[in-house]
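Residues per chain are reported as follows:
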Amino acid sequence: MIYLDNNATTRVDEAVLAAMSPYYTTLYGNAHASHLLGRRAHEAVEGARAEVALLIGAEADEVVFTSCGTEGNALVIRGLIDGDGSRRKIVTTAVEHPSVFLLLRALEARGLIELAVAGVDAEGAIDLDAMRSAIDDRTLLVTVMLAQNETGVIHPIAEISEMAHERGALIHVDAVQAAGKIAVDARALGADFLTISGHKFHAPKGVGALAIRRGLKLTPLWYGGGQELGLRSGTEPVPTIAGFGTAARLAREHLSAFDGVRALRDRFESSLRNADVHSAAQPRLPNTSSVTFRDVDASAVFQALDAAEICVSGGGACFSGITQPTPTMIAMGKPAAVRFSLSRLTTGDEIDATIAALERMRETSPRG
């Protein structure tokens, strides 16, 4: 089987599994217990926190562990609007992940926020003039992806941060798709809040992180024992956090491997015939290719590759089906697309096999 859906999730690295194992069997203490096993667990959590901070250009005491990117995004948005303050406007884009966009729409429908949405052009680039016009003195938060999960477009976050801060607004950066693939520096980006998720870079599912700039406060979504700076009460899952820390270290150490990933992605794209690669002119993640085939429906491409045991997706994994364009493709004015997303574990032989499978598909397609 060939796996080219790494923007949806990644294989857990063997070193990550090894790092997790002791905390299930021998070092299984509660990280907030004061005895020996508790202290060893606490050391693992804090060591992982330091590794995650290094990956994203934050300080360790700014990092809060979460279960996933969705939770981290919700913690920022709900944690701000549930607090005291007169500002209630939130500005975002038309190509955000549903964990942000659908939450904002729900809050807007309940009258809890005023929402402004900046569009994108046909290449997926944010309309910065619209963004600048939308951010005003009533704006509480600007929330924007660093890298778009379907097209891989890398957005100019530092410029948008300046727009927000000039009007006294805060900025939240959803870096879930970027972390582990490109360098991420919360300080250089001007991020007040930044979210990531471990399973996007070979950590287990069920663990992520939120970086909160020093001095900023959020209202917790729930209460209890006061873990994670009082923002996420509940016993920390030490094994997955330990694995997350190892994955963060490996991601930092192997970041240069994505030069090779980019070369494989580019070789794949150069082989395509009668196909449109979306956002090819934009700065993109080195592993991501969003493609519409002019002579074959996206659903037929997906089915043919699935039959060949090649795993791809129709855009974001959080949208089921591939027959209709996703909201991102609609915002760009594009038809349904197929997303190919590589990892540092993808091989040249796998890319060659995928190219061959697409050629066979075209030969047998009624429209080919």
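Participant: Explain the sheet that holds strand 10 (residues 288–293) to me, using residue names and the numbers behind them.
Facilitator: Pairing is antiparallel in the open sheet, where three strands are placed in the order 9-10-12. Each edge of the open sheet is held by one strand with a lone partner, namely strand 9 (275–277) and strand 12 (338–341). The sheet shows a mean angle of 30° between the axes of neighbouring strands, taken without regard to direction. Across three bridges, the pairing between strand 9 and strand 10 is antiparallel.

Participant: Break down the environment of Ile113 for me, citing the residues and quoting the values.
Facilitator: By the element assignment, Ile113 lies in the loop between helix 5 (98–109) and strand 4 (114–118). When its relative accessible area of 8% is taken as the criterion, Ile113 is described as buried. The spatial distance from the C-alpha of Ile113 to the C-alpha of Lys89 is 5.6 Å, given a sequence separation of 24 residues. Apart from the residues lying within four places of it in its own chain, the contact partners of Ile113 are Ile81, Arg88, Ile90, Leu104, Leu107 and Glu108.

Participant: Just give me the short version of the packing of aromatic side chains, but keep the residues and values in it.
Facilitator: Per the stated rule, a full pass over the model turns up three aromatic pairs. Between the aromatic rings of Phe65 and Phe244, the centroid separation amounts to 6.0 Å while the plane-to-plane angle is 65°, which identifies the pairing as edge-to-face. You can see Phe65 sitting in strand 2 (residues 63–66) and its partner Phe244 sitting in helix 9 (residues 238–253), a full 179 residues away along the chain. Here Phe65 matches Phe244 in class, with each residue buried. Counting every residue linked through ring pairs, the aromatic cluster contains Phe65, Phe201 and Phe244.

Participant: I'd like a rundown of the nonpolar core, residues and numbers included.
Facilitator: Membership of the largest hydrophobic core comes to 63 residues, with the highest contact counts inside it found for Met131, Leu194 and Ile196. Ranked by size, the runner-up nonpolar core spans 25 residues in total, among them Ala275, Phe293, Ala336 and Leu358.

Participant: Give a description of the environment of Phe201 that names residues and reports values.
Facilitator: In this fold, Phe201 is placed in the loop between strand 7 (193–197) and strand 8 (208–212). Along the primary structure Phe201 and Val176 are separated by 25 residues, whereas in three dimensions their C-alpha atoms are 9.5 Å apart. Once residues within four sequence positions are removed from consideration, Phe201 is found in contact with Thr10, Leu55, Ala179, Gly180, Ile196, Phe244, Ala247, Ala248 and Ala251.

Participant: How would you summarise the pattern of salt bridges if you had to cite specific residues and measurements?
Facilitator: Counted according to the given criterion, the structure contains 26 salt bridges. Taking the shortest distance from any N to any O, the salt bridge between Asp136 and Lys89 comes out at 2.9 Å. Separated by 47 residues along the polypeptide, Asp136 in the loop between helix 6 (128–134) and strand 5 (139–145) and Lys89 in strand 3 (residues 89–93) bring together distant segments of the chain. Residue classification places Lys89 among the buried positions, given a relative accessible area of 6%. With a closest N to O distance of 2.8 Å, Arg138 and Asp136 form a salt bridge. Residue Arg138 is classed as partly exposed on the basis of its relative accessible area, which comes to 42%. Through salt bridges with shared partners, one network takes in Lys89, Glu114, Asp136 and Arg138.

Participant: Lay out helix 3 (residues 36–56) with the relevant residues and their values.
Facilitator: Helix length check: helix 3, at 21 residues, gives a terminal C-alpha distance of 31 Å against a target of 30 Å (1.5 Å per residue), a fit within 8%. For helix 3, the complete set of buried residues consists of Gly38, Ala41, Ala44, Val45, Ala48, Arg49, Glu51, Val52, Ala53, Leu55 and Ile56. Buried residues belonging to helix 3 abut helix 2 (22–25), strand 2, helix 8 (186–189), strand 7, strand 8 and helix 9. Following helix 3 by one or two positions, Gly57 has its phi on the positive side, about 70°.

Participant: I'd like a description of helix 13 (residues 348–364), backed by residues and values.
Facilitator: Three or four residues apart is the spacing at which side chains of an α-helix point the same way, because the helix has 3.6 residues per turn. Look at helix 13: 25 Å from first C-alpha to last across 17 residues, which is about the 24 Å you get at 1.5 Å a residue. By the burial criterion, the buried members of helix 13 are Ile351, Thr354, Ile355, Ala357, Leu358, Met361 and Arg362. The arc that holds the buried residues of helix 13, viewed along the axis, is 160°, so those residues lie on one side. Opposite the packed face of helix 13, turned more than 90 degrees from it, sit the exposed residues Asp349, Glu363 and Thr364. Against the buried residues of helix 13 lie strand 1 (2–3), helix 10 (258–271), strand 10, helix 11 (298–307), strand 11 (310–311) and strand 12.

Participant: Talk me through the pairing of strand 12; I want residue IDs and the actual numbers.
Facilitator: One face of the sheet, then the other: side chains in a regular strand alternate in exactly this way. Residue alternation in strand 12 divides its side chains into two sets, Val338 and Phe340 and Arg339 and Ser341, and both sets are buried. As defined by bridge partners, strand 10 adjoins strand 12 across four bridges and the pair is classed as antiparallel. Bridged to Ser290 within strand 12 is Arg339.

About the thresholds
- Residues numbered from 1 in each chain as written.
- Predicted model: local features only at pLDDT ≥ 70, side-chain atom pairs only at ≥ 80, totals over all residues.
- Heavy atoms only, no water.
- Pairing = 2+ DSSP bridges.
- Helix = DSSP H or I, 4+ residues; strand = E, 2+ residues; numbered from the N terminus.
- Axes fitted to C-alpha atoms, helices over the stretch in contact; angles between N-to-C directions.
- Buried < 20%, exposed > 50% of the residue type's maximum accessible area, 1.4 Å probe, protein only.
- Contact = heavy atoms within 4.5 Å.
- Phe/Tyr/Trp six-rings, centres within 6.5 Å; stacked < 30°, edge-to-face > 60°.
- Core = buried A, V, L, I, M, F, W, Y, C linked by side-chain atoms within 4.5 Å.
- Salt bridge = Lys/Arg side-chain N within 4 Å of Asp/Glu carboxyl O.
- Expected span 1.5 Å × (residues − 1).
- Arc of directions from axis to C-beta.

All we've got here are geometric facts, nothing functional implied.
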